[in-house]
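Close look at the chain arrangement
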Amino acid sequence: MSGAAALNAVRRSAELTKLGDGAAVDLVVIGGGITGAGIALDAAARGLSVVLAEKHDLAFGTSRWSSKLVHGGLRYLATGNVGIARRSAVERGIMMTRNAPHLVRAMPQLVPLLPSMSAASRSLVRVGFAAGDGLRKLAGTPAATLPRSRRIDARRAAALAPTVRRDGLDGALLAYDGQLIDDARLVTAVARTAAQHGARVLTRTAASDAMRDAVTLTDTVTGESLRVSARAVVNASGVWAGEIDDSIRLRPSRGTHLVFDAATFGNPVAALTVPIPGEINRFVFAMPEQLGRVYLGLTDEDAPGAIPDVPEPTPGEVRFLLDTVNTALQTALTEADVIGAYAGLRPLIDTGAADARSNKGQSRTADISREHAVTESPSGVITVIGGKLTEYRYMAEDVVDRAVALRGLPAGRCRTRNLPLVGAPANPVAAQRSSTELPGSLVARYGAEAPNVIARATCARPTDRVADGIDVIRAEFEYAVTHEGALTVDDILDRRTRIGLVAEDRRRAIAAAEEMLANSAR
């Protein structure tokens, strides 16, 4: 069963060749982000024959540029969207207890009570955290998985977030939410689990001329194309959805994060959560992350125009994030402290709604609903747009249900609520031996599969780090190529690991990545 979940160049080539035989499949999914991977898994788990086609690599787009949070929906409850708030809390609980307990952990979020925070704002946060506790209970997530919120004193607050401003610090409010070890790793785990259930996961495969019952797939490595017949075609290409279905209208929103060495924030344990001045229920977060980093985010800005493959932060967004977090820090940060940055585009649905508070004629992207929609184009392609990472499983269920109803696909009921992903202890790929003596960083990224990463390694010095100061071992690079579908250096450095977020780290690790790719080609 473990081999069924392995993605690599040999498997990709064989599956493209088999597709060329001309047999129809039940479902072709276009897009290898979290939504497309989730749809492929849901459909394959129901017994459908599935092809997932991704133009670039798994998690190439928006799905690797998130805050790495599995939100409980508190923000949406505050804006009156009870439905999405409850669903978010339910889906968070499913991920943390059943689907991916190895990839999601409870992250403490600390709101410092500083003189600049009004009594009304403090009360609002307290009420919000209490409502979050209620959502957790309603969703059936135990307090052992997500602890209850509480108030802590100034000493404890400084221990959790050592660089917090001390002048006038009156303790802090502390709550918990879900945090992914990495969003791109979640996408990879979902895609590999889909492959485990029989889906053909094809990266570097571009889709074009999509219709109700067929789509052209082009291998961008060889340039060869083939026409694939399908009972249903689903467009899950996110902000690029309009390239497949020109009836789609999106309003992309850019979310930017800055990357810091964790030492700059005193190696925090909690996410420092800072209210945005002049805003209600909006915050920036300085979140402790893997590889000894802190990510600071997030912005929510209109991003009109052409959709770039890799969005870039703007100077204004960098300044906004620094200015906001500095209101809560003892010593102000500057751009010189920033060692990396990234931006992603949210595929928000363009409602055309006007904003009565501005003269721009449009609502702010921060105020646009994160609901998803499933539509059918005039050509018969089923498209899913909108949504949020936390709800990927729910969205996938909705899409497959719609495809089954519209096209009469021979599928059973959705199985993903209780389906463990690759790396979860209950998944068949889980190693049979203990991972207790393995590096904690390896277990955090691979869960119960961690022993396999070393056991399957054939490279020299598999447990050596890929570079000094980076807690990724050489066996992880090899596993990315042999089991996780990495075909290029960028796949390894930017998506299977997040080493590439810091240019100097990339420079030091690139030789090891090149070595693993060269070894796999022999």
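Residues numbered from 1 in each chain as written. Predicted model: local features only at pLDDT ≥ 70, side-chain atom pairs only at ≥ 80, totals over all residues. Heavy atoms only, no water.

By the naming in an unreviewed UniProt entry, the protein chain is Glycerol-3-phosphate dehydrogenase, taken from Mycolicibacterium vaccae ATCC 25954. Database annotation for the protein chain, UniProt heading Cofactor (unreviewed entry): "FAD". (UniProt positions renumbered as here; feature names shortened; annotations may be inferred.)

The helix and strand inventory of the protein chain stands at 15 helices and 20 strands. In terms of overall dimensions, the protein chain is globule-like: its C-alpha atoms have a radius of gyration of 22 Å, near the 24 Å expected for 522 residues. For the C-alpha atoms alone, the extent of the protein chain along its principal axes is close to 70 × 60 × 40 Å. Counting the 522 residues in the protein chain, one finds 57% classified as buried. Nonlocal contacts in the protein chain, meaning residues at least 24 apart in sequence, comprise 70% of its contacts between residues at least 6 apart. Once the 62 positive and 57 negative side-chain charges of the protein chain are each reduced to a mean point, those two points are 6 Å apart. (Helix = DSSP H or I, 4+ residues; strand = E, 2+ residues; numbered from the N terminus. Rg over C-alpha atoms; globule rule 2.2 N^0.38 Å. Buried < 20%, exposed > 50% of the residue type's maximum accessible area, 1.4 Å probe, protein only. Contact = heavy atoms within 4.5 Å. Lys, Arg positive; Asp, Glu negative; His and termini not counted. Charge placed at Lys NZ, Arg CZ, Asp CG, Glu CD.)

Before going further, it helps to examine the pairing of strand β6 (residues 172-180). Counting buried positions along β6 yields eight of nine residues, so the element is predominantly enclosed. Two strands pair when backbone bridges link them, and strand β3 (residues 69-70) and β6 are joined in this way by two bridges, in the antiparallel orientation. Note on β6: the bridge partner recorded for leucine 69 is glutamine 179. Here nine bridges tie strand β4 (residues 104-112) to β6, and the two strands are oriented antiparallel to one another. Each bridged residue has a counterpart across the sheet, and for proline 108 the counterpart in β6 is tyrosine 176. Of the strand pairs in this sheet, strand β5 (residues 150-152) and β6 are connected by three bridges, and their pairing is antiparallel. What sits directly across from arginine 151, in β6, is leucine 173. (Pairing = 2+ DSSP bridges.)

It is worth spelling out the packing of helix α4 (residues 82-99) against helix α5 (residues 119-139) at this point. For the pair α4 and α5, interaxial distance at closest approach is 8 Å and the crossing angle is 60 degrees. The pairing of α4 with α5 is recorded here as oblique in orientation. For the pair α4 and α5, the crossing hand works out as right-handed. Taking contact as the criterion, the partners of Ala85, Arg86, Ala89, Val90 and Arg92 in α4 are, on α5, Leu135, Arg136, Leu138 and Ala139. (Axes fitted to C-alpha atoms, helices over the stretch in contact; angles between N-to-C directions. Parallel < 35°, antiparallel > 145°, perpendicular 65-115°, else oblique. Left-handed = near helix turned anticlockwise from the far one by under 90°.)

Note that threonine 497 resides in the loop between α14 (489-496) and α15 (503-520). In terms of polar contacts, threonine 497 uses its side chain to reach the backbone carbonyl oxygen of isoleucine 492, at 2.8 Å. Among the polar contacts listed, one links the side chain of threonine 497 to the backbone oxygen of leucine 493, at a separation of 3.5 Å. Setting aside its immediate chain neighbours within four residues, threonine 497 contacts Val472, Phe477 and Ile492. (Polar contact = N/O pair within 3.5 Å; in protein donor to acceptor, adjacent residues only side chain to side chain.)

Opposite charge on two side chains lets them pair, provided their charged atoms get close. Tallied over the full model, the rule gives 39 salt bridges. When the shortest N-O distance is used, the salt bridge between arginine 319 and aspartate 323 registers 3.0 Å. Highlighted residues: arginine 319 and aspartate 323, both in helix α9 (residues 315-326), separated by four residues, approximately one helical turn. In this structure arginine 319 comes out as partly exposed when scored by relative accessible area, which is 32%. Its relative accessible area of 41% is what places aspartate 323 among the partly exposed residues. The residue glutamate 335 makes a salt bridge to arginine 319 at a minimum N-O spacing of 3.9 Å. Taken together, the residues glutamate 335 in the loop between α9 and β16 (340-346) and arginine 319 in helix α9 connect sequence positions 16 residues apart. Look at glutamate 335 and you get partly exposed, because its relative accessible area is 49%. It is possible to trace a salt-bridge network through shared partners that takes in Asp261, Arg293, Glu504, Asp505, Arg507 and Arg508. (Salt bridge = Lys/Arg side-chain N within 4 Å of Asp/Glu carboxyl O.)

Attention now goes to the domain arrangement of the protein chain. Segmenting the protein chain into domains produces domain 1 (2-63 + 184-247 + 368-418), domain 2 (104-180 + 250-352) and domain 3 (440-521). In this assembly, nine residues from domain 2 lie in contact with nine residues from domain 3. Roughly 660 Å² is buried in total at the junction of domain 2 and domain 3, and carbon and sulfur atoms are behind 58% of that figure. Counting every contact that joins domain 2 to domain 3 gives one salt bridge. Here arginine 293 ties to aspartate 505 by a salt bridge, and the two come within 2.4 Å at their closest N and O atoms. (Domains from an automatic or database assignment. Buried area = accessible area lost by both parts, 1.4 Å probe.)

Before going further, it helps to spend a moment on unusual backbone geometry. Glycine 297 connects to leucine 298 through a cis peptide bond whose omega is 25 degrees. Looking at the element boundaries, leucine 298 is found in the loop between β14 (293-297) and β15 (301-302). Even without being glycine, alanine 59 reaches a positive phi, approximately 60 degrees. Along the polypeptide, alanine 59 turns up in the loop between β2 (50-53) and β3.

Grouped together as the largest cluster of nonpolar side chains are 52 residues, with contacts concentrated most on Ile39, Val50, Leu103, Leu180, Leu186, Val190 and Leu421. For this core, the secondary structure elements donating two or more residues are β1 (25-30), α2 (34-45), β2, α4, α7 (183-196), β10 (225-235), β18 (382-386) and α10 (392-407). A domain split of this core shows at least three residues from each of domain 1 (2-63 + 184-247 + 368-418) and domain 2 (104-180 + 250-352). Those residues in contact with valine 50 that lie beyond four places of it in its chain are Leu27, Val29, Ala40, Ala43, Ala44, Ala199 and Arg200. Core analysis: the second largest hydrophobic core is formed by 30 residues, Leu169, Leu272, Val274 and Val325 among them. (Core = buried A, V, L, I, M, F, W, Y, C linked by side-chain atoms within 4.5 Å.)

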